[in-house]
Amino acid sequence: MTTEKEKFLRDVCIICDTREQRNEHIIQQLDKLGINHSRKKLAYGDYSFKIGEYDFSLLYADR
């Protein structure tokens, strides 16, 4: 039986901003954990994620 957490980790793709300069340690951990990741220029923040058809990199929180 697959838990919701396992399904999320299998389906999620972490998006790393292409301008983030020192993130090798994060990329290494994502690889070690088997979590999909990609690089793209983000308008807000250094990291975001997408899952299925939902791309959360297009959303941002305003203070």
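The following paragraphs examine the structure supplied in this document. (Residues numbered from 1 in each chain as written. Predicted model: local features only at pLDDT ≥ 70, side-chain atom pairs only at ≥ 80, totals over all residues. Heavy atoms only, no water.)

A few points about the pattern of salt bridges
- The tally for this structure, following the rule as stated, stands at four salt bridges.
- Across the pair D11 and K7 runs a salt bridge whose closest N-O atoms are separated by 2.8 Å. Residue D11 and its partner K7 are both found in helix α1 (residues 4-11); the two are separated by four residues, about one turn of the helix.
- On the accessibility criterion, D11 (29% relative accessible area) is partly exposed.
- Residue K40 is joined to D55 by a salt bridge in which the shortest nitrogen-to-oxygen separation is 3.1 Å. (Salt bridge = Lys/Arg side-chain N within 4 Å of Asp/Glu carboxyl O. Helix = DSSP H or I, 4+ residues; strand = E, 2+ residues; numbered from the N terminus. Buried < 20%, exposed > 50% of the residue type's maximum accessible area, 1.4 Å probe, protein only.)

Some points on the sheet that holds strand β4 (residues 54-55)
- What the four strands build is an open sheet, ordered β2-β1-β3-β4; its pairing is mixed. Of all strands in the sheet, those with a lone pairing partner are β2 (36-40) and β4, marking the two edges.
- With five bridges joining them, strand β1 (residues 12-17) and strand β3 (residues 47-51) adopt antiparallel strand pairing. Each bridged residue has a counterpart across the sheet, and for I14 the counterpart in β3 is F49.
- This element, α1, spans β1, β2 and β3 of the sheet and lies at about 50 degrees to β1.
- With respect to the sheet, helix α2 (residues 24-33) is in contact with β1, β2 and β3, its orientation differing from that of β2 by roughly 145 degrees. (Pairing = 2+ DSSP bridges. Contact = heavy atoms within 4.5 Å. Axes fitted to C-alpha atoms, helices over the stretch in contact; angles between N-to-C directions.)

Considering the pairing of β1
- Within β1, five of the six residues are buried, which leaves the element mostly enclosed by the surrounding structure.
- As paired strands, β1 and β2 are joined by five bridges and run parallel to one another. Its bridge partner being in β2, I15 is matched across the sheet by S38.
- In this region the chain leaves β1, passes through α2 and returns to the parallel neighbour β2; the handedness of that crossover is right-handed. (Right-handed = clockwise from strand over helix to strand, strands pointing away.)

Comments concerning the side chain of S48
- Structurally, S48 can be placed in strand β3.
- Among the residues examined, S48 registers a relative accessible area of 13% and is labelled buried.
- At 3.4 Å, the side chain of S48 forms a polar contact with the backbone oxygen of F56.
- Once residues within four sequence positions are removed from consideration, S48 is found in contact with C13, I14, I15, L42, F56 and S57. (Polar contact = N/O pair within 3.5 Å; in protein donor to acceptor, adjacent residues only side chain to side chain.)

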